[in-house]
Amino acid sequence: MTSKRTRGERAGLTREIVLDAALGLIDREGRAALTMRRLGAELGVEAMTLYHHVPNKDALLDGLVERVFAEALPLPEGPGDPEDREDPEDREVTDWRAFLRAYAGSLRAALLRHPGVLPLVTGRPAVTPATLDAVERGLRTLTSAGFALGPAVDTLNALSLFVVGHTAAEADAHSAQPSPKADTPAPGTSAWLAELDCERYPLVVEAAGTGAGTDDAERFGFAVDAMLTGFGAAAGLAR
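Predicted, not measured: the structure shown is a model, and the values here were computed from it.

Novice: Even after reading the chapter, I still don't get the overall build of the protein, so can you show me in this structure?
Specialist: Helix and strand content of the protein: 13 helices and zero strands. When its helices and strands are written in sequence order, the protein yields α-α-α-α-α-α-α-α-α-α-α-α-α. When each of the 239 residues of the protein is scored for burial, the buried share is 32%. Within the structure as shown, the protein displays about 14,100 Å² of accessible surface, and the carbon and sulfur contribution to it stands at 55%.

Pasting the structure below:
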């Protein structure tokens, strides 16, 4: 005998479909556009149908954070419980620097693809099983490489906070489009800095004129490498 399907299943929905639709809605129209009624309309169902997949609005928002972190730190493919996918005792120790460097770059890329989720990432803890699985994987990589648990937690948290803050600043800068009719450069821009008093601020003016230090990706990579060097030194790990 087949089990009776829920209304959400009859509508062809899954939790993943609901979360992806919510993410797409935020990407197109911003965080304020996300309501259960509007999301239901996007999916062609009543808002109440969504509650078969996300029990409340908080669970929906937590799921969006999960989706972004899953893009940055995916678990190995495999069926069943995450603990059954791979035996930690049999796993080779991953190059923790390469792992964290890839994680930081992937998280930045995911957040730049979904800037509307940035306020959620900064304000909501990791609470869903999938998000916590990703955190567990990161901590296991660090402790397997020789980090004590406390410094491993600090390392993962510090790097994540840096990535989120840097990416938020990038997203804000990209969204602040200068007016084409503006007679003077916007304060803080390279063009504005280049017009400062070169006798008082010779290095600032030179940097603005040459573009030194203005590439977001280069700055990001430089900072991540510096942080990884510091984390390794603090943990007493040789290069």
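Novice: What should I look at first to understand the packing of helix α2 (residues 15-29) against helix α5 (residues 57-72) in this one?
Specialist: Where α2 contacts α5, the two axes come as close as 10 Å, and the packing angle between them is 85°. Of the possible angle classes, the one that applies to α2 and α5 is roughly perpendicular. Contact with α2, carried on its side by Arg15, Glu16, Val18, Leu19, Asp20, Ala22, Leu23 and Ile26, involves Leu60, Gly63, Leu64, Glu66, Arg67 and Glu71 of α5 and no other residues of that element. Considering only residue class, the contact of α2 with α5 consists of seven nonpolar, one polar and six charged.

Novice: What am I meant to see in the packing of aromatic side chains here?
Specialist: How two aromatic rings sit relative to each other is set out by the distance from centre to centre and by the angle between their planes. Going through the model one piece at a time under the given rule, you end up with two aromatic pairs. A centroid spacing of 4.9 Å and a plane angle of 80° characterise the contact between Trp96 and Phe147, whose relative ring orientation is edge-to-face. Within this pair, whereas Trp96 is found in helix α7 (residues 96-113), its partner Phe147 is found in the loop between α9 (129-144) and α10 (149-175), the two being separated by 51 residues in sequence. Grouping residues by exposure puts Trp96 and Phe147 together as buried. Residues Phe162 and Phe220 carry aromatic rings whose centres are separated by 5.6 Å and whose planes lie at 20° to one another, so their mutual orientation is stacked.

Novice: Even after reading the chapter, I still don't get the pattern of salt bridges, so can you show me in this structure?
Specialist: Side chains that differ in charge, positive against negative, can pair when their charged atoms come close. Inspection of the entire model under this criterion finds twelve salt bridges. We note a salt bridge from Arg124 to Asp58, for which the minimum N-O separation is 3.3 Å. Of this pair, Arg124 sits in the loop between α8 (118-123) and α9 while Asp58 sits in helix α5, and the two are 66 residues apart along the sequence. Overall, the relative accessible area of 22% leaves Arg124 in the partly exposed class. Here Arg124 and Asp62 are joined by a salt bridge, their closest N and O atoms 2.7 Å apart. With Arg124 in the loop between α8 and α9 and Asp62 in helix α5, the pair connects residues that are 62 residues apart, well separated along the chain. Among the residues examined, Asp62 registers a relative accessible area of 16% and is labelled buried. One salt-bridge network, in which partners are shared between bridges, spans Arg28, Glu29, Arg38 and Glu42.

Novice: I would appreciate a short explanation of α7 in the present structure.
Specialist: Turn by turn, an α-helix covers 3.6 residues, leaving residues three or four places apart pointing in a common direction. Between the first and last C-alpha of α7 there are 25 Å, a value that for 18 residues agrees with the 26 Å anticipated at 1.5 Å per step. What α7 keeps buried is the set Trp96, Arg97, Phe99, Leu100, Tyr103, Ala104, Leu107, Arg108, Ala110 and Leu111. The buried residues of α7 occupy an angular sector of 165° when projected down its axis, which confines them to one face. A distance of 3.1 Å separates the backbone nitrogen of Arg97 from a side-chain oxygen at the start of α7, and that oxygen is part of Asp95.

Novice: Which parts of the structure should I look at to understand α5?
Specialist: With 16 residues, α5 extends 24 Å from end C-alpha to end C-alpha; this agrees with the ideal 22 Å at 1.5 Å per step. For α5, every residue scored as buried is listed here: Ala59, Leu60, Leu61, Asp62, Gly63, Leu64, Val65, Glu66, Val68, Phe69 and Ala72. N-cap assignment for α5: the residue whose side-chain oxygen lies 3.2 Å from the backbone N of Asp58 is Asn56.

Novice: Please clarify how the environment of His52 should be interpreted in this entry.
Specialist: Secondary-structure assignment places His52 in the loop between α4 (47-50) and α5. Judged by relative accessible area, which is 43%, His52 ranks as partly exposed. Along the backbone, His52 and Leu13 are 39 residues apart, and their C-alpha atoms lie at a distance of 9.3 Å.

Novice: How should the confidence of the model for the protein be read in this particular structure?
Specialist: Low pLDDT means the predicted coordinates in that region are not meant to be read closely. Counting all residues, the mean pLDDT for the protein is 85, and 83% of those residues have values of 70 or more. Of all secondary-structure elements in the protein, the lowest mean pLDDT belongs to helix α6 (residues 82-85), at 46, while helix α13 (residues 216-234) reaches the highest, 96. Scored below 50 in pLDDT, residues 1-5 shows one contact in the model against residues more than four places distant or in partner chains. Contacts for the low-pLDDT stretch residues 77-92, under 50 throughout, to residues beyond four places or in other chains number eleven contacts.

What counts and what doesn't
Residues numbered from 1 in each chain as written. Predicted model: local features only at pLDDT ≥ 70, side-chain atom pairs only at ≥ 80, totals over all residues. Heavy atoms only, no water. Helix = DSSP H or I, 4+ residues; strand = E, 2+ residues; numbered from the N terminus. Buried < 20%, exposed > 50% of the residue type's maximum accessible area, 1.4 Å probe, protein only. Areas by Shrake-Rupley, 256 points an atom, 1.4 Å probe, with all protein chains shown as cover. Axes fitted to C-alpha atoms, helices over the stretch in contact; angles between N-to-C directions. Parallel < 35°, antiparallel > 145°, perpendicular 65-115°, else oblique. Contact = heavy atoms within 4.5 Å. Nonpolar A, V, L, I, M, F, W, Y, C, P; charged D, E, K, R; others polar. Phe/Tyr/Trp six-rings, centres within 6.5 Å; stacked < 30°, edge-to-face > 60°. Salt bridge = Lys/Arg side-chain N within 4 Å of Asp/Glu carboxyl O. Expected span 1.5 Å × (residues − 1). Arc of directions from axis to C-beta. Polar contact = N/O pair within 3.5 Å; in protein donor to acceptor, adjacent residues only side chain to side chain. pLDDT = per-residue confidence, 0-100.

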